[in-house]
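This is what each chain is made of:
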Amino acid sequence: MTRATYGKLILVMLAITVVSSVVLLQFEWFGDAASEQAGPIDTLFDVMIVLSCFVFAIVMVMFAYALWKYRAKPGDESDGKPIHGNTRLEIAWTVIPTIIVLFGAAYSWVILDDIEAEASDQMPLHVTGQQYKWTFEYPEEMVGSGDSAAPLTSDELHVPVDRQLEVTVEALDVLHSFWVPEWRIKRDLVPSGPGGDEIDDTFVVTPNEEGTFSLVCTELCGLGHSTMRATVVVESQEAFDQWVSEQAQAQEGASAGATEASSSDGAAAAANGT
Amino acid sequence: MSALRNPGLGRAGLGFAIGAAFGFGLVVALRAISGLEIFQTEQTGYPHLIVPAITGPLGFLVGLGCFDYWFRWAAGKPTIAEDHSQHGATSWRDYFRFNTDHKVIGIQYIVTTFFFFLVGGLIAMLIRAELAQPGTQIVDPQTYNGLFSTHAALMIFVFVIPVFAGIANYVLPLMIGAPDMAFPRLNALSFWMLPMAGLLFLSSFLVPGGAFDAGWTGYAPLSTGAPLGQSFFNLGVQFAGASSIATALNFLVTIITMRAPGMTFWRMPLLVWANLSTSLLVVAATPFIAGVQFMVLFDRVLHTNFFAAAYGGDVLSYQHIFWFYSHPAVYIMMLPGFGIVSEVLSTHARKPIFGYRLMALALIGIVVLSYTVWAHHMFVSGMFSWLRVPMMITTLLIAVPTGIKIFSWLATLFDGVIHLRSTAMLFALGFIVTFVIGGISGVMLGMVPIDIHVSDTYFIVAHIHFVLFGGSVFTIFAGIYHWFPKMTGRMYDERLGRVHFYLTLVGMLGTFIPMHWVGMEGMPRRVADYASQFGDWNLVISISSFILGIAQLIFMYNMIVSWKWGPRATSNPWRANTIEWQVSSPPPVFNFDEIPRVVGGPYEYGVPGARHAIMGGEEAVVRQPEPAVAGAATTSSGSSAGGSS
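This report concerns the structure included in the present document. Along every chain, residues carry numbers that run from 1 in the direction the sequence is written. As a convention, the first chain written is A and the first ligand written is 1, with the rest following in written order. Only residues with pLDDT of at least 70 are given local features in this predicted model, and only at 80 or more are side-chain atom pairs given and counted; all residues enter the totals for whole chains, interfaces and linings. Processing note: side-chain calculations cover all non-hydrogen atoms of the structure and skip hydrogens and water entirely.

1. Section: the overall build of chain A
By the criteria applied, helices consist of DSSP H or I runs no shorter than four residues and strands consist of E runs no shorter than two, each listed in order from the N terminus. For chain A, the helix and strand inventory stands at five helices and ten strands. Taken over C-alpha atoms, the radius of gyration comes to 27 Å for chain A, far larger than the 19 Å a tight globule of 274 residues would show. Dimensions of chain A along its principal axes, counting C-alpha atoms only, are 90 × 40 × 30 Å. Each residue is placed in one exposure class: buried if its accessible area under a 1.4 Å probe, protein chains only, is under 20% of its type's maximum, exposed if it is over 50%, and partly exposed if it falls in between. Burial status across chain A gives 43% buried among its 274 residues. Only the protein chains shown count as cover for residues, and all accessible areas are computed by the Shrake-Rupley method using a 1.4 Å probe. Put simply, chain A shows about 13500 Å² of open surface, and 58% of that area lies on carbon and sulfur atoms. The average position of the 13 basic charges and that of the 40 acidic charges among the side chains of chain A differ by 28 Å. What the globule rule says is 2.2 Å times the number of residues to the power 0.38, and the radius of gyration is computed from C-alpha atoms. Under the convention used here, Asp and Glu are negative, Lys and Arg are positive, and both His and the chain ends fall outside the count. Think of each charge as sitting on NZ of Lys, CZ of Arg, CG of Asp or CD of Glu.

Here's what the structure looks like:
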């Protein structure tokens with residue numbers, strides 16, 4: 001194999017890398033993006049697409065060239081060249097990939113810090129999962145007054161746009177997982193007991209697109225796993241405030257008749273936890 | 001009556017009945033004495049079924065004769081002198097009894113595991129039939145959950161892991177010039193525990209509540225509260241695990257102590273290196289899954305509360321212990337395949353493996369690193385968040401030794417004389433393509449921010465099938481085709497083999513490539529129903545999967561017919577250098593009349609006059625002192641290269 005052949009092969013690799021990267025970058029692989037965290041994650045994935053195209057091109061070009069060039073002629077029963085290795089080459093393909101993956105790790109770490117950075121005006125949100133139902137609690141929006149005051153709860157997730165949510169998750173029975181694909185963020189809900197402090201049950205996400213999305217349970221939780229979904233509505237602050245006051249009125253009206261409702265709710269939830 | 005007195009399937013059946021009756025009676029008696037309700041039939045209970053599910057299979061093994069020799073020895077009775085009646089096979093019946101011949105055991109393993117491969121594949125077809133369209137058409141969600149759980153359990157525990165043990169059982173002792181494995185009776189026991197595991201998994205379909213349905217991962221607390229079938233999973237894993245551990249010990253001792261004279265570590269074929277590495281993983285990691293499944297079983301039936309959060313149990317610790325085994329397990333399912341590919345590529349490219357020593361060291365590197373990456377399965381689990389970054393770094397680093405192997409295989413092809421006439425070679429080459437794709441998606445998954453998005457989606461399903469089907473199963477096919485002539489003494493039909501390969505490749509790509517993007521766009525895994533936007537791609541996936549399924553029937557037909565009626569194979573149809581090809585096909589009952597002497601590296605293709613081994617009885621004169629370094633083989637006179645007999 002001559003130097004010129006190597007040059008040609010490298011050119012083919014680069015050409016394939018460029019063409020396949022350009023084609024593959026046209027797609028929004030992760031679907032629509034609707035959170036501030038989605039941006040950096042999608043960028044990381046785009047970088048990985050280019051890098052993967054490059055690696056795949058190297059392997060496939062060498063592979064195809066070897067098969068085309070060194071395929072046995074009919075009747076050729078001779079042996080190949082007795083080449084046992086090449087120390088410099090072997091060092092190269094140990095060291096260069098090491099550098100590349102360490103770069104990938106460092107870059108991912110930076111992105112991870114980026115998407116987990118905490119904003120100053122977070123809105124706390126408490127998410128509870130149980131077979132096969134989601135409940136959302138808004139600790140900042142208290143309903144009622146005095147001893148009977150309780151946070152607003154809802155089966156549908158409404159959040160204001162462009163405000164970071166500080167989400168705390170909790171499972172009542174088995175594992176569930178919180179995922180809004182457009183937000184790119186996912187976290188398992190873990191049933192916790194006395195040792196629950198050790199569980200990392202809080203994450204942040206900042207929805208930045210208004211619209212209606214689907215919350216999907218992604219951890220197998222039993223028979224109803226595929227139906228365990230909830231509607232997510234991201235809306236303007238005004239629309240959100242409007243929704244909160246409507247919900248608060250409805251909730252207050254419902255709880256006015258039954259004062260002990262909240263305590264019996266708690267008991268029912270505990271009983272549900274297998 | 002003698003059928004029930006002498007070791008064999010008849011006495012095994014009786015042993016099963018006695019064992020099961022004993023277990024059942026024990027539970028009933030103990031509960032009666034304790035004043036408990038005799039039959040406890042809460043969904044996680046049923047001790048009167050669980051205990052017989054342990055004692056029945058043990059009774060079967062005793063009845064079969066797995067312990068006869070040891071029992072006599074332990075009781076101080078005169079042991080039966082070894083008359084080799086448990087050695088070799090002269091008819092098909094010999095495969096259905098306790099047989100200590102590593103070649104018979106190898107065939108037993110391979111046939112048994114392919115039976116479970118077929119069953120697991122049929123289950124996959126049912127899964128794909130259900131998923132072809134959104135909505136529920138064929139099976140209800142509970143059955144569906146049971147189907148994908150048993151599919152994975154069968155494929156992992158009683159197909160991929162043990163079929164590699166089967167292939168290695170057959171060829172490894174021959175390759176290192178050993179007359180058998182180090183512990184032949186333990187070897188036979190290891191095999192016979194395997195069908196117990198598979199039958200326990202399958203019989204869970206028959207028990208109240210249906211088959212185990214918490215996934216093959218069996219995460220607590222879903223598994224601790226699941227119906228009775230889950231206990232059958234817990235027990236099945238014990239039998240498969242014990243079988244694996246015993247086999248791995250056997251391989252370790254065999255490889256370390258039974259190599260032929262001259263077979264230094266640096267002269268071992270890479271298949272032997274691969275099984276050495278795999279066995280190191282199995283002996284240290286498998287006890288963890290055995291332990292954690294016992295903990296789940298105890299939580300279920302003894303109320304131990306290991307994973308009951310309300311009583312101070314730690315739910316996440318299940319995942320840590322489980323993945324501390326199950327991540328190394330993906331290498332347990334891949335390293336033997338790496339070994340097979342090295343053998344096949346160098347033989348059919350007529351070239352020494354490029355960078356042999358680095359290839360062996362890369363295997364060891366993977367073994368070490370694979371113990372340090374388990375928490376990458378748990379990036380979104382809510383575990384201690386600091387653990388994510390170090391586990392991400394080790395996960396990405398494991399791509400380096402894996403990359404070394406890919407690059408070295410490619411370099412092996414360069415300047416070779418590549419023959420594509422063998423289906424084994426096609427599968428080995430196809431493996432390189434599909435495994436690189438699986439490796440790339442694996443690197444992506446190793447990155448925490450990407451994993452947060454795609455974790456538990458179809459992207460994961462795509463990745464595991466690219467590495468387990470495109471990776472492991474392709475290498476299994478390569479190995480089966482490669483050593484089929486050696487094992488059966490017959491040639492298979494290459495034309496059918498090629499049809500099998502191309503249909504499998506097309507079906508595999510069509511099935512698993514689209515799974516990447518439905519996952520990335522939002523389809524979670526393990527769902528019986530999905531959003532209608534994914535309907536079209538799922539139909540494509542299902543159709544491709546049926547092609548994949550049909551292709552395997554061609555394989556089965558080819559294997560069965562060729563085994564019976566194929567043309568006779570010569571001892572060395574591929575003109576390979578390693579020792580197993582220097583004996584007849586199939587090999588003699590005791591492998592060698594005289595232990596061969598190893599005088600050089602295993603892949604000395606193209607080196608004039610180089611030999612790997614000198615067989616007993618050969619009049620080969622080696623004038624020079626044996627070179628200690630593989631690859632530095634010097635010309636030895638009096639013998640020509642590729643001297644097959």
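2. Structural notes on the packing of aromatic side chains
Aromatic ring pairs are reported here in terms of the distance separating the ring centres and the angle at which the planes meet. Pairing of aromatic rings covers Phe, Tyr and the six-membered ring of Trp, with a centre-to-centre limit of 6.5 Å; geometry is then stacked below 30 degrees between planes, edge-to-face above 60, and tilted otherwise. Counted according to the given criterion, the structure contains 71 aromatic pairs over all chains. With centroids separated by 4.8 Å and ring planes inclined at 55°, the aromatic side chains of Tyr481(B) and Tyr492(B) adopt a geometry described as tilted. With Tyr481(B) in helix H17 (residues 458–488) and Tyr492(B) in the loop between H17 and helix H18 (494–521), the pair connects residues that are eleven residues apart, well separated along the chain. Taking the relative accessible area as the measure of exposure, Tyr492(B) reaches 5% and is therefore buried. The aromatic ring of Trp179(A) is capped on one face by Lys186(A), whose charged end is 4.3 Å from the ring centroid. In this scheme, Lys NZ or Arg CZ marks a charge over a ring once it lies within 6 Å of the ring centre and within 35 degrees of the ring normal.

3. Digging into the interface of chain B and chain A
Taken together, the contacts link 89 residues of chain B with 78 residues of chain A. Between chain B and chain A, the buried area comes to about 7300 Å², and carbon and sulfur atoms account for 71% of it. Joining two parts hides part of their accessible area as seen by a 1.4 Å probe, and the buried area is that hidden amount summed over both. When residues of chain B are sorted by the area they lose upon contact with chain A, Phe414(B), Asp415(B) and His453(B) head the list and together hold 10% of the total. For this analysis, a salt bridge means a side-chain nitrogen from Lys or Arg found within 4 Å of a carboxyl oxygen belonging to Asp or Glu. At the surface where chain B touches chain A, the tally comes to five salt bridges. Counted as a polar contact is a pair of N or O atoms within 3.5 Å, where, for protein atoms, one must be capable of donating a hydrogen and the other of accepting one, and residues adjacent in sequence contribute only when both atoms are in side chains. Inspection of the chain B/chain A interface yields 19 residue pairs in polar contact (both at pLDDT 80 or more). For the side of chain B that touches chain A, the secondary structure elements donating two or more residues are helix H6 (141–175), helix H10 (315–332), helix H12 (356–370), helix H13 (388–397), helix H14 (399–413), helix H15 (423–446), helix H16 (448–454) and H18 of chain B. For the side of chain B that touches chain A, the element with the most residues is H14(B), which contributes nine residues. Grouping the constituent residues of the side of chain B that touches chain A by class yields 57 nonpolar, 19 polar and 13 charged. Two residues form a contact once any of their heavy atoms are found within 4.5 Å. All amino acids are sorted into three groups, where Ala, Val, Leu, Ile, Met, Phe, Trp, Tyr, Cys and Pro are nonpolar, Asp, Glu, Lys and Arg are charged, and the leftover types, Gly among them, are polar.

4. Points about a negative patch on the surface
In this analysis, a patch consists of residues with relative accessible area above 30% that form no salt bridge, clustered at 9 Å for like charges and at 5 Å for the nonpolar side chains Val, Leu, Ile, Met, Phe, Trp and Tyr. Taken together, the side chains of Glu28(A), Asp32(A), Glu36(A), Asp162(A), Glu209(A), Glu210(A), Glu238(A), Asp241(A) and Glu521(B) make up a negatively charged region of the molecular surface. On the secondary structure map, Asp241(A) appears in helix H4 (residues 237–257). For Asp241(A), a relative accessible area of 38% gives the class partly exposed.

5. Comments concerning the pattern of salt bridges
Evaluation of the coordinates by the stated rule reveals 13 salt bridges over all chains. The partner of Asp79(A) in a salt bridge is Arg350(B), with the nearest N and O atoms 3.0 Å apart. Here the residue Asp79(A) occupies a position in the loop between helix H2 (38–69) and helix H3 (87–115), and Arg350(B) occupies one in the loop between helix H11 (335–349) and H12, the pair thus bridging two chains. Residue classification places Arg350(B) among the buried positions, given a relative accessible area of 3%. The partner of Asp101(B) in a salt bridge is Lys103(B), and the shortest N-O contact between them spans 3.3 Å. Assessed through its relative accessible area of 2%, Asp101(B) is described here as buried. A cluster of three or more residues bridged by salt bridges with shared partners is formed by Glu77(A), Arg421(B) and Arg575(B).

6. So, H12(B)
Between its first and last C-alpha atoms H12(B) spans 21 Å; for 15 residues at 1.5 Å apiece the expected length is 21 Å, and the two agree. All of the buried residues along H12(B) are Tyr356(B), Leu358(B), Met359(B), Ala360(B), Ala362(B), Leu363(B), Ile366(B), Val367(B), Leu369(B) and Ser370(B). Under the convention used throughout, the expected extent of a helix is 1.5 Å for every residue step, that is, one less than its residue count.

7. Observations regarding the side chain of Gln230(B)
Secondary-structure assignment places Gln230(B) in helix H8 (residues 229–257). Sequence-distant contacts of Gln230(B), defined by excluding residues within four places in its chain, comprise Phe212(B), Asp213(B), Ala214(B), Gly218(B), Ser223(B) and Arg300(B).

8. Some words on H10(B)
Residues and elements named next belong to chain B. Here H10 contains 18 residues, and its C-alpha end-to-end distance of 26 Å stays within 8% of the 26 Å for a straight helix at 1.5 Å per residue. Within H10, 15 of the 18 residues are buried, which leaves the element mostly enclosed by the surrounding structure. Among the residues of H10, the N-terminal cap falls to Asp-314, whose side-chain oxygen and the backbone nitrogen of Leu-316 are separated by 3.1 Å.

9. As for the side chain of Gln37(A)
Residues and elements named next belong to chain A. One can find Gln-37 in the loop between helix H1 (3–24) and H2. Residue classification places Gln-37 among the buried positions, given a relative accessible area of 4%. At 2.9 Å, the side chain of Gln-37 forms a polar contact with the backbone nitrogen of Thr-206. Those residues within four positions of Gln-37 in sequence are excluded, and the remaining contacts are Ile-115, Gln-164, Trp-183, Ile-185, Val-204, Val-205 and Thr-206.

10. Here we look at the sheet that holds strand S4 (residues 157–160) of chain A
All names here are of chain A. With mixed pairing, the five strands of this open sheet are ordered in space as S4-S10-S9-S6-S7. At either end of the open sheet lies a strand with only one pairing partner, and these are S4 and strand S7 (185–189). For this sheet the average axis-to-axis angle between neighbouring strands, irrespective of direction, equals 25°. When strand S9 (residues 211–217) meets strand S10 (residues 229–235), the two strands line up antiparallel, connected through six bridges. Along S10, the bridge assignment pairs Phe-213 with Val-232. A pair of strands counts as paired when DSSP detects no fewer than two bridges linking them. Angles run from 0 to 180 degrees between N-to-C directions of axes, and those axes are lines fitted to C-alpha atoms, restricted for helices to the stretch in contact.

11. Quick look at the sheet that holds strand S3 (residues 150–154) of chain A
All names here are of chain A. In space, the five strands of this open sheet follow the order S3-S2-S1-S5-S8, with mixed pairing throughout. Every other strand in the sheet has two partners, leaving S3 and strand S8 (202–205) as the edge strands with one partner each. Neighbouring strand axes in the sheet, compared pairwise and without regard to direction, differ in orientation by 30° on average. Pairing analysis gives five bridges linking strand S1 (residues 123–130) to strand S2 (residues 133–143), with the strands arranged antiparallel. When the sheet's bridge partners are listed, Val-127 is paired in S2 with Phe-136.

12. Notes on the state of the cysteines
Cysteine sulfur atoms that come within 2.5 Å of each other are treated as a disulfide pair. Inspection of every chain in the model, using the stated rule, returns zero disulfides over all chains. For Cys221(A), which is in no disulfide, the shortest distance to another cysteine sulfur is to Cys217(A) and amounts to 4.0 Å.

These figures capture arrangement, not role.
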